[in-house]
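Residue-level listing of the chains:
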Amino acid sequence: MSTAAAPLPTTHGLPTGSADIRLIVTDMDGTLLDDAKRIPPGLWETLAELRRRGVLFSPASGRQYATLAREFADVAEGMVFIAENGTYVVRDGVELSSDPLDPEVAARIVRAVRGLVADGVDVGAVVCGKRSAYVERSDEPFLAEVRKYYVEHRVVEDATALDDDVIKVALFDFGSAAHTTAPALAPFSATHQVVVSGEHWVDVMNRTADKGAALRRLQTELGITPAQTMVFGDYLNDLEMLDAAEWSFAMANAHPDVIARARHLAPSNNDNGVLRTIRRVLGLRA
């Protein structure tokens, strides 16, 4: 992490005291976590203070539910996990919402990836089910990337024939996902979302599924307004989530489109931007 923290931005309209925030939602990679995927210092103390104040903290990520639940195992009680880019939302082990893919669509995506591999593209599909993720590639470099985000995963012979509800298909491209894999999946974009969620990742989901849709359902269920919601994000799969909150923050390291969409700017993920901003806006002790 940086040895000297960057100053907090002086964005117009951003107070430095207590605000009526009831729900805080943050992306994980590139946002809450630093570039080494580390939990920021002071997170657990900040979460304890938020809980005392009745503020709900919710991780929203492309990661699977099992991975998020393990990361926050000691503080998971009552926490809402917006997993798999909003396609699977869980609280205390109970599903709040999900948006499964048609199994035939998932199978077509897997077959498309097989075609890319046959053409020499170094890519692999991760078929994301509610119980586990499923992959056909078994080489260690690919599995090492899968493990970062999918604690529950299985290598299977045929990922088009699964006994699970598939909620998303993620593709890891060892090259540039935006320049190779995403364009190859263009035929699916007519009916589904093809979202570049990182330098090497592309997610294919239903059109009705995104972090923003999941957040709006959660707000309705909890009776929390956009004015009482704070959101942090850094990449394109966070855009709709930012739209669902009046307190929307792009990280300083965010994609330019995310910075343009958010109302405010937070310090970078490597400067503990999420926690520093929360403390500032809610008037918490540093």
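Heads up: the structure comes first, above all this text.
All values reported here derive from a predicted model rather than from experimental measurement.

Observations regarding the layout of surface pockets
Okay, step 1: Here the largest pocket defines a volume of roughly 660 Å³.
Okay, step 2: Lining the largest pocket we find 29 residues, and of these D29, K37, Y149, S197 and G198 sit closest to its centre.
Okay, step 3: Listed by contribution, the elements that provide at least two residues to the lining of the largest pocket are helix 1 (28-32), helix 5 (140-149), strand 9 (166-173) and strand 11 (201-206).
Okay, step 4: Partitioned by chemical class, the residues of the lining of the largest pocket number 7 nonpolar, 10 polar and 12 charged.
Okay, step 5: Of the volumes computed, that of the second largest pocket is approximately 180 Å³.
Okay, step 6: Taken together, 11 residues make up the lining of the second largest pocket; nearest its centre are E45, E49, R52, L284 and R285.

Topic: the side chain of R63
Okay, step 1: For R63, the location among the structural elements is in the loop between strand 2 (56-59) and helix 3 (65-71).
Okay, step 2: A distance of 3.4 Å separates a polar side-chain atom of R63 from the backbone oxygen of K148.
Okay, step 3: Those residues within four positions of R63 in sequence are excluded, and the remaining contacts are M28, D29, L33, K37, L68, E71, A83, E84, K148 and Y149.

Side note on the pairing of strand 12 (residues 229-233)
Okay, step 1: Counting buried positions along strand 12 gives 5 out of 5 residues, so the element sits mostly inside the fold.
Okay, step 2: Burial along strand 12 is two-sided: the face carrying T229, V231 and G233 and the face carrying M230 and F232 are both buried.
Okay, step 3: Bridge count between strand 1 (residues 23-26) and strand 12: 4 bridges; the pairing is parallel. Bridge assignment links L23 to a residue of strand 12, and that residue is T229.
Okay, step 4: The pairing of strand 12 with strand 13 (residues 247-251) spans 4 bridges and is classified as parallel. Note on strand 13: the bridge partner recorded for F232 is F249.

A closer look at helix 4 (residues 103-118)
Okay, step 1: The first and last C-alpha atoms of helix 4 sit 23 Å apart over 16 residues, in line with the 22 Å expected at 1.5 Å per residue.
Okay, step 2: Those residues of helix 4 that are buried are in contact with strand 6 (123-129), strand 9, helix 6 (177-184), strand 10 (192-196) and strand 11.
Okay, step 3: Where helix 4 begins, the side chain of D102 points an oxygen toward the backbone nitrogen of E104, at a separation of 2.8 Å.
Okay, step 4: G120 sits one or two residues past helix 4 and shows a positive phi near 100°.

The rules behind each value
Residues numbered from 1 in each chain as written. Predicted model: local features only at pLDDT ≥ 70, side-chain atom pairs only at ≥ 80, totals over all residues. Heavy atoms only, no water. 1 Å grid on protein atoms, 1.4 Å probe; cavity = no way out; pocket = protein on both sides within 12 Å on 5 of 7 lines; lining within 4 Å. Points joined across faces, edges and corners; volume = space filled by probe spheres on them. Helix = DSSP H or I, 4+ residues; strand = E, 2+ residues; numbered from the N terminus. Nonpolar A, V, L, I, M, F, W, Y, C, P; charged D, E, K, R; others polar. Polar contact = N/O pair within 3.5 Å; in protein donor to acceptor, adjacent residues only side chain to side chain. Contact = heavy atoms within 4.5 Å. Buried < 20%, exposed > 50% of the residue type's maximum accessible area, 1.4 Å probe, protein only. Pairing = 2+ DSSP bridges. Expected span 1.5 Å × (residues − 1).

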